Amino acid sequence: GNSVTQMEGPVTLSEEAFLTINCTYTATGYPSLFWYVQYPGEGLQLLLKATKADDKGSNKGFEATYRKETTSFHLEKGSVQVSDSAVYFCALSERDRDDKIIFGKGTRLHILP
Amino acid sequence: DSGVTQTPKHLITATGQRVTLRCSPRSGDLSVYWYQQSLDQGLQFLIQYYNGEERAKGNILERFSAQQFPDLHSELNLSSLELGDSALYFCASSYRVGYGYTFGSGTRLTVV
């Protein structure tokens, strides 16, 4: 079945460090790919998305590129801030009739000042 | 405010009881999804409704049921509650296939 695997956390970085959170997926067909972010005590927010191969999603300094050949969608940011501390979820949707989204287990990110 | 409203925000109840969680989707969204988030299981898809009809079922227990009403709000009913049902329950809505969901802020259920 379809699945998403992302690096386990927690990931701890200093402010202004470079961030990479790895994500790979298994899917039939051509899924849409997403990164969601969950801040403490809140629901999930869509951070960025890509709907086809080689698309780059970007938002708030975060980027991820849809790599079909490696079935990956790694999240990157050049210079993290303390306010980026949150849990990040990689996810996919098969874009079929039910459009169910399958989430990875999440990666907790701690940014130290 | 995401536009998806969930009530109540917190719920504490005893084992064996029944509760109802409510979700109002974002204006214009026809699909509603329910997810359970627990520490050990991550985000688990429970069920989806589209314009009043059940469209997909995930790992939803028989003790749980849901429905979507003509005004598109949805309710998730949890009965014969067990300690292990303690979790965050999220509702999400979507307008278009493949473009992601908008999540509510969740209902934290504690079963004691």
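Look up a bit, the structure's there.
My aim in this report is to walk through the structure given alongside it, one point at a time. Please read these numbers as outputs of a predicted model, since none were measured by experiment.

1. Examining the environment of His110 of chain A
Residues and elements named next belong to chain A.
Move 1: Assignment of secondary structure puts His110 in strand E12 (residues 107-112).
Move 2: On a C-alpha basis, the gap between His110 and Gln6 in space is 16 Å, while along the polypeptide they are 104 residues apart.
Move 3: Ignoring anything within four residues of it in the chain, the contact list for His110 reads Pro10, Val11, Thr12, Leu13 and Ser85.

2. Side note on the sheet that holds strand E1 (residues 5-7) of chain B
Residue and element names in this part refer to chain B.
Move 1: Pairing in this open sheet of four strands is antiparallel, and the strands run E1-E3-E8-E7 from one edge to the other. Here the strands that pair on one side only, and so sit at the sheet edges, are E1 and strand E7 (64-68). Here the strands of the sheet are splayed against their neighbours by 15° on average, with no regard to which way each runs.
Move 2: As paired strands, E1 and strand E3 (residues 19-24) are joined by three bridges and run antiparallel to one another. Bridging across to E3, Thr7 finds its partner in Arg22.

3. Some details on the interface of chain B and chain A
Move 1: On the chain A side, the residues contacting the 20 residues of chain B number 20 residues.
Move 2: Carbon and sulfur atoms make up 57% of the area that chain B and chain A hide from each other, which totals about 1,700 Å².
Move 3: Seen at the junction of chain B and chain A, the total is zero salt bridges.
Move 4: Where chain B meets chain A, there are four residue pairs in polar contact (both at pLDDT 80 or more).
Move 5: Looking at the side of chain B that touches chain A, the elements that each hand over two or more residues are strand E4 (31-38), strand E5 (42-50), strand E6 (53-57) and strand E9 (87-94) of chain B.
Move 6: Along the lines of polarity and charge, the residues of the side of chain B that touches chain A split into eleven nonpolar, seven polar and two charged.

4. Describing unusual backbone geometry
Move 1: The step from Gly9 of chain A to Pro10 of chain A runs through a cis peptide bond, and the omega angle for that step is 0°.
Move 2: Locating Pro10 of chain A in the fold gives a position in the loop between strand E1 (3-6) and strand E2 (11-14).
Move 3: Pro8 of chain B follows Thr7 of chain B through a cis peptide bond whose omega is -10°.
Move 4: Inspection of the secondary structure puts Pro8 of chain B in the loop between E1 and strand E2 (10-13).
Move 5: Positive phi values are uncommon outside glycine, yet Glu16 of chain A reaches one of about 80°.
Move 6: Residue placement: Glu16 of chain A occurs in the loop between E2 and strand E3 (19-21).
Move 7: The class of Glu16 of chain A is exposed, set by a relative accessible area of 61%.
Move 8: Here Lys60 of chain A, not a glycine, exhibits a phi torsion of approximately 55°, which is positive.
Move 9: Note on placement: Lys60 of chain A falls in the loop between strand E7 (56-59) and strand E8 (62-65).

How each quantity is defined
Residues numbered from 1 in each chain as written. Chains lettered and ligands numbered in written order. Predicted model: local features only at pLDDT ≥ 70, side-chain atom pairs only at ≥ 80, totals over all residues. Heavy atoms only, no water. Helix = DSSP H or I, 4+ residues; strand = E, 2+ residues; numbered from the N terminus. Contact = heavy atoms within 4.5 Å. Pairing = 2+ DSSP bridges. Axes fitted to C-alpha atoms, helices over the stretch in contact; angles between N-to-C directions. Buried area = accessible area lost by both parts, 1.4 Å probe. Salt bridge = Lys/Arg side-chain N within 4 Å of Asp/Glu carboxyl O. Polar contact = N/O pair within 3.5 Å; in protein donor to acceptor, adjacent residues only side chain to side chain. Nonpolar A, V, L, I, M, F, W, Y, C, P; charged D, E, K, R; others polar. Buried < 20%, exposed > 50% of the residue type's maximum accessible area, 1.4 Å probe, protein only.

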